[in-house]
Amino acid sequence: MTPAPIVFLVDVDNTLLDNDRIQYDLRRRLEREFGAECRDRYWTILEALFGEVGYRDYLGALQRYRAEHPHDVRIMSMSSYLVDYPFANRLYPGALDVLERLRAWGPTAIFSDGDVVFQPRKVERSGIAEAVDGHVLIYIHKEEALDDVERRYPAQHYVLVDDKPRILAAVKETWGERVTTILPRQGQYALNAKAYRPADLTVERIGDLLTHDLPALLSPEVTR
């Protein structure tokens, strides 16, 4: 396969989609329906599972909670709440427009971490999958899957848009000057930016990329 001149890789949670708000809604729903104790226990399980697998497995945490409370049949209603959540309502302003702009410049794919059920559901129901014509990559640890990305989307240069400074720094370490890293300063992880190598370009919101043309994204004097 002939490498494309440029390929765009775009994260989902807190990059295109306000995942912090989704977490807030989930906490509020748990408390309202089942009480603060249930909410706190579920979140403890969720964070412990995150430590094990490296991503937040919302449905897996629900299953573990159910195993601890096998006779609490009410908790199963939360699975429907999660699967049917209105993800499209949590898209950041301009998110889909940015994907459309990037696709006009080169092949564009979603590049996300997550489980094999909830994360694809989120990407589909939000309209993100359709916006990139189904080009969706979801890994357990995506920074460790760069060889697979290169095989699927060979390119002379990559542009990675991600809210996690840790991911941007790790990919930059591997791909070096072959990648331009872009940090939308959105969500809880963006607050840790000073702990990692700076991104090539930082914007306050994903929609701000609509004000940049392609040379502005790639020019070192602009992006550094």
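Residues numbered from 1 in each chain as written. Predicted model: local features only at pLDDT ≥ 70, side-chain atom pairs only at ≥ 80, totals over all residues. Heavy atoms only, no water.

What follows is about the pattern of salt bridges. Opposite charge on two side chains permits pairing when their charged atoms draw close. Summed over all chains, the structure comprises 23 salt bridges. Aspartate 162 is the salt-bridge partner of lysine 142, the closest N and O atoms lying 2.6 Å from each other. One end of the pair, lysine 142, is in the loop between strand S3 (136-139) and helix H8 (146-152); the other, aspartate 162, is in the loop between strand S4 (158-161) and helix H9 (165-175), with 20 residues separating them in the sequence. Residue glutamate 204 is joined to arginine 185 by a salt bridge in which the shortest nitrogen-to-oxygen separation is 2.7 Å. With glutamate 204 in the loop between strand S6 (201-203) and helix H10 (214-218) and arginine 185 in the loop between strand S5 (179-184) and S6, the pair connects residues that are 19 residues apart, well separated along the chain. Accessibility expressed as a relative area gives 37% for glutamate 204, which makes it partly exposed. With relative accessibility at 43%, the residue arginine 185 sits in the partly exposed group. A network of salt bridges, in which partner residues are shared, links Asp11, Lys142, Asp162, Asp163 and Lys164. (Salt bridge = Lys/Arg side-chain N within 4 Å of Asp/Glu carboxyl O. Helix = DSSP H or I, 4+ residues; strand = E, 2+ residues; numbered from the N terminus. Buried < 20%, exposed > 50% of the residue type's maximum accessible area, 1.4 Å probe, protein only.)

Axis separation between helix H2 (residues 36-53) and helix H3 (residues 58-68) bottoms out at 9 Å; the angle between their running directions is 125°. In terms of axis orientation, H2 runs oblique to H3. Like other packed secondary-structure pairs, H2 and H3 cross with a definite hand, here right-handed. In this structure, H2 contributes Cys38, Arg41, Tyr42, Ile45, Leu46, Leu49 and Glu52 to the contact, and H3 contributes Tyr58, Gly60, Ala61, Leu62, Arg64, Tyr65 and Glu68. (Axes fitted to C-alpha atoms, helices over the stretch in contact; angles between N-to-C directions. Parallel < 35°, antiparallel > 145°, perpendicular 65-115°, else oblique. Left-handed = near helix turned anticlockwise from the far one by under 90°. Contact = heavy atoms within 4.5 Å.)

A separate point is the nonpolar core. Counting residues in each nonpolar core, the largest one holds 47 residues, and the members touching the most others are Leu26, Leu30, Tyr42 and Leu209. Setting aside its immediate chain neighbours within four residues, tyrosine 42 contacts Leu26, Leu30, Tyr58, Ala61, Leu62, Tyr65 and Leu82. (Core = buried A, V, L, I, M, F, W, Y, C linked by side-chain atoms within 4.5 Å.)

What follows is about the packing of aromatic side chains. Counted according to the given criterion, the structure contains eight aromatic pairs. For the pair phenylalanine 8 and tryptophan 105, a centre-to-centre distance of 6.2 Å together with 40° between the ring planes defines the contact as tilted. On the criterion of sequence distance, the pair formed by phenylalanine 8 in strand S1 (residues 7-10) and tryptophan 105 in helix H5 (residues 95-105) is long-range, its members being 97 residues apart. The class for phenylalanine 8 is buried, based on a relative accessible area of 0%. One aromatic cluster in this structure is built from Tyr58, Tyr81, Tyr85, Phe87 and Phe118. Taking the ring centre of tryptophan 43 as reference, the NZ or CZ of arginine 27 above it sits at 4.1 Å. The aromatic ring of phenylalanine 111 is capped on one face by lysine 142, whose charged end is 5.2 Å from the ring centroid. (Phe/Tyr/Trp six-rings, centres within 6.5 Å; stacked < 30°, edge-to-face > 60°. Lys NZ or Arg CZ within 6 Å of the ring centre and 35° of its normal.)

It is worth spelling out helix H6 (residues 118-125) at this point. Along H6, the residues that are buried comprise Phe118, Gln119, Lys122 and Val123. Taken down its axis, H6 places every buried residue within 135° of arc, on the same side. Those residues of H6 that are buried lie in contact with helix H1 (19-34), H3, helix H4 (77-83), strand S2 (108-113), helix H7 (128-131) and S3. A positive phi of about 90° marks glycine 127, the residue just after H6. (Arc of directions from axis to C-beta.)

Here we take up unusual backbone geometry. Here the phi dihedral of asparagine 14 falls at roughly 65°; this positive angle occurs in a residue that is not glycine. Within the element layout of this structure, asparagine 14 appears in the loop between S1 and H1. Exposure remark for asparagine 14: the relative accessible area of 2% places this residue in the buried category. Positioned with a positive phi, aspartate 133 is a non-glycine residue whose angle comes to about 55°. For aspartate 133, a relative accessible area of 53% translates into the label exposed.

With respect to the helices and strands, the residue proline 3 is situated in the segment before S1. With relative accessibility at 42%, the residue proline 3 sits in the partly exposed group. Sequence separation of proline 3 and arginine 29 is 26 residues, and the distance between their C-alpha atoms is 47 Å. Those residues within four positions of proline 3 in sequence are excluded, and the remaining contacts are Pro154, Ala155 and Gln156.

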